[in-house]
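Residues per chain, in single letters:
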Amino acid sequence: MKVRGMKKSAVLFALLVFVSACQPAPVTPAAASLSPPPETLPAPVSTATHCPPTPVYTATSTQAAQPDYNRRFLDAIGVTPASCLPDKTADDVGIYIYDLTHGRELVSINADTAFQFASAFKGPALVYFLSNCQKYWDPSDPAWEAYFRDPRSVRNAWYVSDAYREAVVSYLPDVNNWRNIEAFFTRNRAVNNGGEGGPIDRRYFILQQVYRMIAYSGNADTADVLRFVNENCLSDSPPVIEARCGGPNAITAFNAWFYAFAGIDYRGDEPRRGLYNWNIVYEKGENGEWVGTPLSTNGFKDACATQTALLNCRTGAAVKNVMSPRDFFQFYLALYTLEDTSTRRNALELLKVDLEGPARGNLKNMARNMNAEAMSKNGYYYYGGPILADAGIVRYRGVSFVVVTLSYDAQDAMEILYGTYVNGALKGDAGLIQSMLDEVTP
């Protein structure tokens, strides 16, 4: 296990400002991995960063007294009195690890502090879609059958026939097939009187975007999914959103669902954590210039999700689009205990997808190298320093854990926690998290 040495020099940067959609590396190899140039960014924001504790799940543990893992982790990653963080960590890092099988908290460091989440929020966005849009993906749900048989949803009788239904029902339940949904429906398109291919059934194309949102961390796909849910799955019972927060829109509706699902309560005018907006993705063009592309959710915001996180807590500059480690824990606990087995199963299967590229983070690397399963979503964005986020459920030796790590410019701490990976393979010693999981699952 690595031992922390002298802390690296602080990375000098002048981009400590709020990006309207501070998202991680996009899907394509040509996508940007660095922040946009300073002239594209608005002025800095400086506000309070810490958020109060939220209600959490607790369980009576029958286990024997366990080592003080909190102390062990703090000693390894380093602390300093100069830190503005509650647990005085030398780097900006929040950690929460919970043993779901035995109902016990293992590590809680800066657990109620807001951190920028980058793409880690796409795990909740996935469950948001699955929980509200069953008529697009779950053939066992009556809503799916009614939608499939509704002739108003398509203009060709073939697309509501029994033979076509059989083909679709055999394909949809495997979420790995969602990767190629458009190709499947193109192959099974109606044939016109001349024997040529007719119109294509596009009702389920959103599933391919859901897959890309998780497996490839697609930013544009995420925007489209958020908007799709709001416009197509909540129309019969739209959430009640206060006008001061922006009223019902693709962002406020997602936050309202997330708070309810994860059991996060806010009182009065308390600043809320969550998705403030998801506006623009920046990529480098052919000539190396930064190009900003508006997303389909551009212009929507939740004016009540105003809690911020500091970047290098000593600087005073802040960003929005934040959650705390405990927020993610409460979300994954709710998913782990969800009574809707179809939603839970499909969510975990999609979150388990582990492909090379921007959606493969530290948690999946660690799990793969220790023969465990990670059902998680990572986040990465370079913003004067790397924002690294990982959150999800890890199954190891028959025991399930929630593991959450959120950080800014804390490469040393992340290597201590996870180890060092080159092209997805561990180089050198295992990290602190793996060592602890080995210890608690003999």
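Enquirer: It is not clear to me how the overall build of the chain should be interpreted in this structure. Could you clarify?
Expert: Counting its secondary structure elements, the chain contains 13 helices and 13 strands. Evaluated residue by residue, the chain yields a buried proportion of 56% over its 442 residues. Taking the contacts inside the chain whose residues are at least 6 apart along the sequence as the reference set, 69% of them involve residues at least 24 apart. As displayed, the chain offers around 18,000 Å² of accessible surface, 51% of which is attributable to carbon and sulfur atoms.

Enquirer: Quick question: what am I supposed to make of the sheet that holds strand E9 (residues 373–382) here?
Expert: The antiparallel open sheet is built from 5 strands, whose spatial order is E2-E1-E11-E10-E9. At either margin of the open sheet sits one strand with a lone partner, and together these are strand E2 (104–109) and E9. Taking each pair of neighbouring strands and ignoring which way they run, the sheet shows an average axis angle of 5°. The strands touched by helix H11 (residues 362–369) are E9, strand E10 (386–396) and strand E11 (399–408); relative to E9, the strand with the most contacts, the crossing angle is about 145°.

Enquirer: Quick question: what am I supposed to make of unusual backbone geometry here?
Expert: Positive phi is not limited to glycine here, since Ser217 has a value of about 60°. With respect to the element layout, Ser217 can be found in the loop between helix H6 (206–215) and helix H7 (219–233). Note on Ser217: relative accessible area 1%, which makes it buried. Even without a glycine there, the phi angle at Asn321 is positive, about 60°. Among the residues examined, Asn321 registers a relative accessible area of 0% and is labelled buried.

Enquirer: I tried to follow the state of the cysteines on my own but got confused; where do I start?
Expert: Every disulfide links exactly two cysteines, by a covalent bond between their sulfur atoms. All told, the structure shown has 2 disulfides when counted by the stated rule. One disulfide bridge connects Cys133 with Cys233, the sulfur atoms lying 2.0 Å from each other. Judged by the torsion about the S-S bond (115°), the Cys133/Cys233 disulfide is right-handed. Residue Cys133 is found in the loop between helix H2 (122–132) and helix H3 (142–149), and its partner Cys233 is found in helix H7; the two are separated by 100 residues along the sequence. There is no split in this pair, since Cys133 and Cys233 are both buried. Each sulfur of the disulfide joining Cys245 and Cys304 lies 2.0 Å from the other. Because the torsion about its S-S bond is -80°, the bridge between Cys245 and Cys304 counts as left-handed. Here the residue Cys245 occupies a position in the loop between H7 and helix H8 (250–262), and Cys304 occupies one in the loop between strand E5 (290–294) and strand E6 (309–310), the gap between them amounting to 59 residues. We classify Cys304 as buried; its relative accessible area is 7%.

Enquirer: Looking at this structure, I do not really get the packing of H8 against helix H9 (residues 325–336). What am I missing?
Expert: Between two packed helices, both the angle of their axes relative to each other and the distance between the axes serve to describe the pair. H9 packs onto H8 with a crossing angle of 70° between their chain directions and a minimal axis gap of 8 Å. When the axes of H8 and H9 are compared, the pair comes out roughly perpendicular. Two secondary-structure elements touch here, H8 through Trp257, Phe258, Phe261 and Ala262 and H9 through Asp327, Gln330, Phe331, Ala334 and Leu335. For the contact of H8 with H9, the class distribution of residues is 7 nonpolar, 1 polar and 1 charged.

The rules we used
Residues numbered from 1 in each chain as written. Predicted model: local features only at pLDDT ≥ 70, side-chain atom pairs only at ≥ 80, totals over all residues. Heavy atoms only, no water. Helix = DSSP H or I, 4+ residues; strand = E, 2+ residues; numbered from the N terminus. Buried < 20%, exposed > 50% of the residue type's maximum accessible area, 1.4 Å probe, protein only. Contact = heavy atoms within 4.5 Å. Areas by Shrake-Rupley, 256 points an atom, 1.4 Å probe, with all protein chains shown as cover. Pairing = 2+ DSSP bridges. Axes fitted to C-alpha atoms, helices over the stretch in contact; angles between N-to-C directions. Disulfide = S-S within 2.5 Å. Parallel < 35°, antiparallel > 145°, perpendicular 65-115°, else oblique. Nonpolar A, V, L, I, M, F, W, Y, C, P; charged D, E, K, R; others polar.

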